[in-house]
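Chain by chain, the residues:
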Amino acid sequence: MVDPDAPSRSTPLARFWRHWLVTNITGTNMKTGRIQGQELTPYQPPTPPPRTGFHRYQFLVYRLSTQNISLLPEETESPGAWQLDQFQVRFNLGISEAATQFMTQNHMDSPPVRVPGGGGSVQTPPTGGSSEPKYKPKQASGLALPACIHIAHHLWSG
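- The protein appears in an unreviewed UniProt entry as Phosphatidylethanolamine-binding protein 4 from Phyllostomus discolor.

As for the nonpolar core
Now for step 1: Within the largest apolar cluster, ten residues are counted, these being Val2, Leu21, Tyr62, Ile69, Leu71, Trp82, Leu84, Phe87, Phe91 and Leu93.
Now for step 2: With five residues, the next largest nonpolar core counts Met1, Trp20, Tyr57 and Phe102 among its residues.

Let's talk about the pairing of strand S5 (residues 55-61)
Now for step 1: Among the seven residues that make up S5, five are buried, leaving the element largely enclosed by the rest of the structure.
Now for step 2: Summarising the sheet, S5 and strand S6 (residues 98-104) pair through seven bridges and their orientation is antiparallel. Opposite Gln58, over in S6, you have Gln101 as the bridge partner.

A look at the side chain of Asp5
Now for step 1: For Asp5, the position within the fold is in the loop between strand S1 (2-3) and strand S2 (17-18).
Now for step 2: Here Asp5 is in contact with Pro12, Phe54, His55 and Arg56, once residues within four sequence places are set aside.

Overview of the environment of Thr41
Now for step 1: Tracing the backbone shows Thr41 in strand S4 (residues 38-41).
Now for step 2: Sequence-wise, Thr41 and Thr76 are 35 residues apart; in three dimensions their C-alpha atoms are separated by 8.4 Å.
Now for step 3: Contacts of Thr41, omitting those with residues within four sequence positions, involve Arg18, His19, Trp20, Leu21 and Leu71.

Criteria and cut-off values
- Residues numbered from 1 in each chain as written.
- Predicted model: local features only at pLDDT ≥ 70, side-chain atom pairs only at ≥ 80, totals over all residues.
- Heavy atoms only, no water.
- Core = buried A, V, L, I, M, F, W, Y, C linked by side-chain atoms within 4.5 Å.
- Buried < 20%, exposed > 50% of the residue type's maximum accessible area, 1.4 Å probe, protein only.
- Helix = DSSP H or I, 4+ residues; strand = E, 2+ residues; numbered from the N terminus.
- Pairing = 2+ DSSP bridges.
- Contact = heavy atoms within 4.5 Å.

In structure tokens, the structure reads:
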């Protein structure tokens with residue numbers, strides 16, 4: 001899972017920020033939704049900085065031709081110190097077999113939310129003092145993985 005819009009879509013200096021990297025997942029496990037393999041980067045949920053707009057979060061699935069996938073020492077220093085294109089070339093990954101993405105933004109950048117049945121009342125995001133929102137918008141991060149698994153199911157069901 002990568003964020004190609006880090007730190008922002010207008011200046012993606014850390015393009016393809018690595019949020020999750022798992023290798024050696026079997027096709028059978030992908031088909032059943034059991035994402036088990038060698039986790040090279042533990043899952044980091046989406047965390048777009050305030051005032052950077054929407055970020056795309058992409059899941060890419062590749063068919064491996066080798067079991068020896070690893071990160072270089074400099075790539076392990078920071079999830080942003082990673083060049084996806086160089087990684088793809090180094091391990092001969094080619095074009096992804098499946099991909100999906102979702103978009104989200106920092107909760108502070110969200111517009112006011114109309115409360116259902118609230119007679120037109122509006123809740124606005126907090127303006128300071130607390131880093132936690134007073135309302136909890138649905139997080140898109142929970143929607144992407146099932147879509148990715150669904151795509152993979154069709155890839156390996158034959």
